[in-house]
Each structure stands twice: as C-alpha cells, then as structure tokens.
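# A look at the structure
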Amino acid sequence: LVRDIVNNLKIAQGKTAEREVALAFGAIHGVKGPVQAVRNYLELISDLQKKGKLTLEKAVEYARSAGQSLTRVERLANRLLRLVGPRKGQVSVQDITALIQKCLAENKIFYPDMKFQFNGFDGVPTVFIEPEEFMAMIDELITNSARATDMKGQVEINAYNRDNLLVITCEDNGPGVRPDKLNRI
C-alpha cells in the first residue's frame, strides 16, 4: 500500500514528491492504530462469544468503539485522498486559530473522553499554508496525545507569534517519553 501511494505520488507530480510522501507515511501511521483497535475489539467479541460470556451491553460497547475507530480511519483516508488529488492552488491565507479549533472539534468526536484546550495568544498570525496539510499535522499531534493518555487525557495546544514566526506547542498529561527512548526522537 505504501509503495503504491509513493509511486502514484511520484507519477502525479512528475517528480519525487517528498512532502507528499511524508504526509502519506504520516497518514498511514495514523491508520495503523485504529485498524489494530478494530481487530482487537472483534477478537475480544469472538473470544467472549466462544466462552459464553458476551453480554449484549458489552457487544454494543465494543461495536461502538470499533465503529469510532473505523470512522477515524475513514477520515484519515479521505484527508489523504484530498492531499494526493489534483492541486487547485490550495495554499492560501488561513486563520490558524480557526483551523486548530476545527481540528479539535472534529477530534472530540473520536476521543469523547479527552479534554481539549486551545490557547491562541495575541498575535497568532494568518499564514499561507495548505489547510489539509496543517490539519493533518494537528491531527497527528492529537493522535499521539490520545495514545499517550489511553484516550482519556488532556491536550493543550498553544499557538503564538514569536518574532514573526508561528509557534505551535502541544502538551498532554501522558507519562512522557521514557528516558531510554529519548535518543529515538
């Protein structure tokens, strides 16, 4: 799948499309977690059914959770398709605050037990960007935070202007990176 996406991107662009390839890999990485979650829910339902311990309430709960994961996969796939589709001069002046708030609202659907906070400090600039790429980046930050907090944590995103540069930070209340893993970052 990855190889096909990369080759299609190269053909569509007529050159090595490094940015698009990086975004494709990011989107594929974002799909792996929810797909694995669906597989786990289905295996759990099957195991409980075989043991005669599956209640209707549990079946509905697991099916709902699996459905949320599939919705996340669909959303990521649609975003990826928009990114690799024909270009229409999509880079334009964008309100960063509005894009981040939209992204947080969309993610609240997928992570209902998480608390999201956005702080757009004075002077958050409007910038020339491609909004889908920017939102994919914010989605990845939120997905990483969701994984780190077992989808029940708090995420705070800050945006501000420092010396005419847009600075975005993302903090969560997860345990953080283990010291022995820091060298991999």
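It should be noted that the structure appears before, not after, this text.
Because the structure is predicted, anything quoted here is derived from the model rather than measured.

So, about the overall build of the protein. Of regular secondary structure, the protein possesses 5 helices and 5 strands. Taken from the N to the C terminus, the helices and strands of the protein come in the order α-α-α-β-α-β-β-α-β-β. Taking all 185 residues of the protein together, 34% fall into the buried category. Across the protein, the fraction of contacts at a sequence separation of at least 24, relative to all contacts at a separation of at least 6, is 71%.

The next point concerns the sheet that holds strand S4 (residues 154-162). Overall, mixed pairing links the 3 strands, which are arranged S2-S4-S5 in an open sheet. Lying at the two open borders of the sheet, with one neighbouring strand each, are strand S2 (115-120) and strand S5 (165-172). Going from strand to strand, the sheet's axes swing by 15° on average, the running direction of each strand aside. Sheet strands touched by helix H5 (residues 131-148): S2, S4 and S5. Its angle to S5, the strand with the most contacts, is close to 20°.

For the rest of this paragraph, the subject is H5. Taking 1.5 Å per residue, 18 residues should reach 26 Å; H5 reaches 26 Å between its end C-alpha atoms and fits that length. For H5, the full list of buried residues reads Pro131, Glu132, Glu133, Phe134, Met135, Ile138, Asp139, Ile142, Thr143, Ser145 and Ala146. Structurally, the start of H5 carries an N-cap: the backbone nitrogen of Glu132 is 3.0 Å from a side-chain oxygen of Glu130. Of the residues one or two after H5, Asp150 is the one with positive phi, at around 55°.

Turning our attention to the layout of surface pockets. Of the pockets and cavities examined, the largest pocket occupies roughly 520 Å³. Along the wall of the largest pocket there are 18 residues; nearest its centre are Tyr41, Ser69, Phe110, Tyr111 and Met151. For the lining of the largest pocket, the secondary-structure elements that each account for two or more residues are helix H2 (18-50), helix H3 (56-84) and H5. The residue makeup of the lining of the largest pocket, split by class, is 8 nonpolar, 5 polar and 5 charged. Lining the second largest pocket are Asn144, Ala148, Asp172, Gly174, Pro175, Gly176, Val177, Lys181, Arg184 and Ile185.

One finds Ile96, Ile100, Phe134, Ile138 and Ile157 to be the most contacted residues of the largest nonpolar core, which totals 20 residues. Breaking this core down by element, the ones donating at least two residues are helix H4 (96-110), strand S3 (126-129), H5 and S4. Take this core: its biggest share by element is 6 residues, from H4.

A word on the packing of aromatic side chains. According to the stated counting rule, one finds 2 aromatic pairs in the structure shown. Plain terms: the ring middles of Tyr41 and Tyr62 are 6.0 Å apart, the flat faces sit at 25° to each other, and that makes the pair stacked. Here Tyr41 is found in helix H2, whereas its partner Tyr62 is found in helix H3, with 21 residues between them in sequence. Assessed through its relative accessible area of 13%, Tyr62 is described here as buried. Ring geometry for Phe121 and Tyr160: centres 6.4 Å apart, planes at 70°, overall edge-to-face. With Phe121 in the loop between S2 and S3 and Tyr160 in strand S4, the pair connects residues that are 39 residues apart, well separated along the chain. Tyr160 sits in the partly exposed class, given a relative accessible area of 24%.

Counted at 1.5 Å a residue, the expected span for H4 with its 15 residues is 21 Å, and the 22 Å between its end C-alpha atoms agrees. Capping the start of H4 is the job of one residue whose side-chain oxygen sits 3.0 Å from the backbone nitrogen of Thr97: Asp95.

Note on placement: Leu165 falls in strand S5. Leu165 gets classed as exposed once you look at its relative accessible area, which sits at 55%. Counting along the chain gives 38 residues from Leu165 to Val127, while the straight-line C-alpha distance between them is 9.6 Å.

What counts and how
- Residues numbered from 1 in each chain as written.
- Predicted model: local features only at pLDDT ≥ 70, side-chain atom pairs only at ≥ 80, totals over all residues.
- Heavy atoms only, no water.
- Helix = DSSP H or I, 4+ residues; strand = E, 2+ residues; numbered from the N terminus.
- Buried < 20%, exposed > 50% of the residue type's maximum accessible area, 1.4 Å probe, protein only.
- Contact = heavy atoms within 4.5 Å.
- Pairing = 2+ DSSP bridges.
- Axes fitted to C-alpha atoms, helices over the stretch in contact; angles between N-to-C directions.
- Expected span 1.5 Å × (residues − 1).
- Polar contact = N/O pair within 3.5 Å; in protein donor to acceptor, adjacent residues only side chain to side chain.
- 1 Å grid on protein atoms, 1.4 Å probe; cavity = no way out; pocket = protein on both sides within 12 Å on 5 of 7 lines; lining within 4 Å.
- Points joined across faces, edges and corners; volume = space filled by probe spheres on them.
- Nonpolar A, V, L, I, M, F, W, Y, C, P; charged D, E, K, R; others polar.
- Core = buried A, V, L, I, M, F, W, Y, C linked by side-chain atoms within 4.5 Å.
- Phe/Tyr/Trp six-rings, centres within 6.5 Å; stacked < 30°, edge-to-face > 60°.

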